[in-house]
Amino acid sequence: MRNREIKLGIGMVALSVLLLTWLIPSKVEIFALGTFAEGSLGPRSFPNLIALLIGVLGVAVFFVAWRQPMEVAEEKSLSLDALKRVVGILVTSALYLWLITMFGYMLPTFLATISLMYLFGERRWWLMMLISAVVAISLYLIFGKVFHMLMPRGSIEFFYEL
């Protein structure tokens, strides 16, 4: 258990560094609109805060695990079903990030929500499609129209004329 938690802490810190130095600066655009003064809140503020939080928690996990004695109770391994879910979530997330650049926000969000609901045991297709449509449209309206955030646009323009 101790070794796994030490590796987890190191992995969280590495992810935080990767997010802060490469992914967020290269993927979250700051437009020169003159509305964001240097040092004020902008499009990168929340992602940077979350990445920093991941790094701080990674350091905490590392040091808590480091201080544990080696004789701590035997660890439990993940069941095959749980492992399949974890891999499914990672694959769904990777596909979502890839598809959002090609098709914009709406269709990949709809498909990812269906996929995640299926992974967590929902099998009623009509319910999965209904909830996925409500989630995708609601989030678009809230963030795109109410908060005026720029949402990824793709080749399906119909959804963006709401």
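One can find the structure itself at the top, above this paragraph.
Residues numbered from 1 in each chain as written. Predicted model: local features only at pLDDT ≥ 70, side-chain atom pairs only at ≥ 80, totals over all residues. Heavy atoms only, no water.

With respect to the packing of aromatic side chains
Test applied: Between the rings of Phe, Tyr and Trp (Trp by its six-membered ring), a pair exists once the centres lie within 6.5 Å; its type follows the angle of the planes, with under 30 degrees stacked, over 60 edge-to-face, and the other angles tilted. For every residue, the accessible area obtained with a 1.4 Å probe (protein chains only) is divided by the maximum for its type, and the residue is called buried under 20%, exposed over 50%, and partly exposed between those limits. Sitting over a ring, as applied to charges here, requires NZ of Lys or CZ of Arg to be within 6 Å of the ring centre and within 35 degrees of the ring normal.
Applying the stated criterion across every chain yields a total of 4 aromatic pairs. Note on Phe 62 and Phe 63: the rings are 5.2 Å apart at their centroids and 80° apart in plane angle, and the pair reads as edge-to-face. Ring centres of Tyr 118 and Trp 125 lie 6.0 Å apart, and the angle between their planes is 25°; this geometry places the pair in the stacked category. The exposure class of Tyr 118 is partly exposed, given its relative accessible area of 38%. In textbook terms, an aromatic cluster arises when at least three aromatic residues are bridged by ring pairs, as seen for Phe 62, Phe 63 and Trp 66. One Lys or Arg, Arg 123, reaches over the ring of Tyr 118 and ends 3.8 Å from the middle of that ring.

Some thoughts on the environment of Leu 119
Put simply, the test is: A helix here means a DSSP run of H or I that spans at least four residues, while a strand means a run of E at least two residues long, and both kinds are numbered starting from the N terminus.
Mapped onto the fold, Leu 119 is located in helix α4 (residues 106-119). On a C-alpha basis, the gap between Leu 119 and Thr 92 in space is 9.8 Å, while along the polypeptide they are 27 residues apart.

Some thoughts on helix α5 (residues 125-146)
To keep things clear, this is the line we draw: Under the convention used throughout, the expected extent of a helix is 1.5 Å for every residue step, that is, one less than its residue count. Contact definition: two residues touch when any of their heavy atoms are within 4.5 Å.
For α5, spanning 22 residues, the distance from its first C-alpha to its last is 30 Å, which sits close to the expected 32 Å at 1.5 Å a residue. Inspection of α5 places Leu 127, Met 128, Ser 132, Ala 136, Tyr 140 and Gly 144 among the buried residues, and these make up the whole buried set. Close packing links the buried residues of α5 with α4. Backbone geometry just after α5 places His 148 at a positive phi near 55°.

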